[in-house]
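Chain by chain, the residues run as shown.
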Amino acid sequence: MCSIKATLPLVAMAAAKFAMAASCDCYLIDGAYPTYYKSHGFWDFRSLSQYAGVPPVLDSIDANKNADFSSSYFNWESEFAQFWGPQNWDNGAEDFVNVNSYNNLYIEKSGDSTFMTMRTARLPKFQTSAEFESMDLLDHASIRMYSRTIGSPGACTAVFTYREANSLKDVQESDIEILTSDPKTSIQYTNQPSYLEDGTIIDGASNNISVSVPWNEWSTQRLDWTPGRTTWYINGDQTYTMTFQAPKDPSKVNFNAWSDGGDWTGKMPEGGVAYQQIQWIEILYNVVDKASCSSLCSIDADGAKPGSPVKI
Ligand SMILES: *[C@@H]1O[C@H](CO)[C@@H](O)[C@H](O)[C@H]1NC(C)=O
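What you see is a predicted model; the values in this text were computed from it and never measured. Throughout, residues of each chain are indexed from 1 in the direction in which the sequence is written. Under the rules for a predicted model, residues below a pLDDT of 70 receive no local features and side-chain atom pairs below 80 are neither given nor counted, while totals for whole chains, interfaces and linings still include all residues. Values reported for side chains reflect all heavy atoms of the structure, with hydrogen atoms and water molecules removed beforehand.

**Quick look at the overall build of the chain**
- Check the secondary structure of the chain and you find three helices and 19 strands.
- What you see for the chain is a C-alpha radius of gyration of 21 Å, in line with the 20 Å of a compact globule of 312 residues.
- C-alpha atoms of the chain, sized along the principal axes, occupy 75 × 40 × 35 Å.
- Across the 312 residues in the chain, those meeting the buried criterion constitute 50%.
- Considering only contacts in the chain between residues 6 or more positions apart, those separated by 24 or more positions represent 70%.
- When charges are counted, neither His nor the chain ends are considered; positive counts come from Lys and Arg and negative counts from Asp and Glu. By convention, the point assigned to a charge is CZ for Arg, NZ for Lys, CD for Glu and CG for Asp. Distance between charge centroids for the chain: 8 Å, based on 22 positive and 37 negative side chains. In this text, helices come from DSSP runs of H or I with a minimum length of four residues, and strands from runs of E with a minimum of two, each type numbered from the N-terminal end. The quantity called the radius of gyration is restricted to C-alpha atoms. Its globule counterpart is 2.2 Å times the number of residues to the power 0.38. Whether a residue is buried, partly exposed or exposed follows from its accessible area with a 1.4 Å probe, protein chains only, as a fraction of its type maximum: under 20%, in between, or over 50%, in that order. Whether two residues are in contact is decided by their heavy atoms, any of which lying within 4.5 Å being enough.

Given below as structure tokens:
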């Protein structure tokens, strides 16, 4: 009896805490296009020194394809992999292979803190790259990452929504792309397709936007996929919005650092390396009707911190 009585307050406290954390059943984004989402996800890479370590670049395509995870943070049993799937396939290109490797996705230490690094490196005959994508299709999303891109020219670092299709005209995709050969205040915002198999260019799909925050500085990159529109932000300020070719149907969310060795990214010099480094990722996903919300929260309102929504 005594011990039960003694534990009751603790149980009650734990329940109250849980109720607070679980009390959001919808999330409203700020900005010019308010939209309600059902679900919230947050991945914090800032305090993961137990997983930190930079694996050396592997110098064959097979070694890259077959490489193990850099740490158990990313393996298939991990919490990370409940939502995100690390990729290890190559594009099979005859002229210049780009191979995704688990070896290029790792936790890196910096002072007392850590971040996730996505690495892409140029070997004499191929490019080795990093990619992960959501395991599930999401029905619209507001995606934010606190990140920077550094390193050699010739890479593309990106976050994007992606709905695969057999022909390019049917692909649905909205991108943030940073080209390391571009000026550091140029960023590429695209609703794909931007071209078709026969070489036709789709005018208005790709936008080369001049921004005030250089991409080699830590900043919050945000892509809002709302019904009928995509809107981009850096550090909370809207940088671009478009309705043209906005994705419609449930899509994956992908992150990558890669190079096509040619037209889009340019060729990275042999021995070159570039990195997309991310301190945290926060996303809201799956749109809902306002009418179905009883406990509304925000990740943008005053008092909200990354990973800690507030009730509004
Ligand atoms: C984007 O614009 C800048 C100049 O503002 C230019 O230097 C750069 O080459 C352009 N990038 C692409 C991919 O067109």
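**Here we look at the site of the ligand**
- Neighbouring the ligand are Leu179, Asp182, Pro183, Ser186, Gln188 and Asn208.
- Counting of polar contacts relies on pairs of N or O atoms within 3.5 Å, with two restrictions inside protein: one atom must be capable of donating a hydrogen and the other of accepting it, and residues adjacent in sequence are counted only when both atoms are side-chain atoms. Asp182 is positioned such that a nitrogen or oxygen atom in its side chain is 2.9 Å from a nitrogen atom of the ligand.
- Between an oxygen atom of the ligand and a side-chain N or O atom of Asn208, the distance comes to 2.3 Å.
- Relative to its unbound accessible surface of 360 Å², the ligand loses 46% to contact with the protein.
- Each residue gets one of three labels, nonpolar for Ala, Val, Leu, Ile, Met, Phe, Trp, Tyr, Cys and Pro, charged for Asp, Glu, Lys and Arg, and polar for the others, Gly among them. A per-class count over the shell around the ligand returns two nonpolar, three polar and one charged. Whether a residue is near a molecule or strand depends on its heavy atoms: if one lies within 4 Å, it is near. To measure how exposed things are, a 1.4 Å probe is used in the Shrake-Rupley method; for residues, cover is taken only from the protein chains shown.

**A few points about the confidence of the model for the chain**
- Mean pLDDT over the chain stands at 93; residues scoring 70 or higher make up 93%.
- The predictor attaches a confidence to each residue, called pLDDT, with possible values from 0 through 100. Across residues 1-20, where pLDDT falls below 50, the model places zero contacts with residues more than four positions away in sequence or in other chains.

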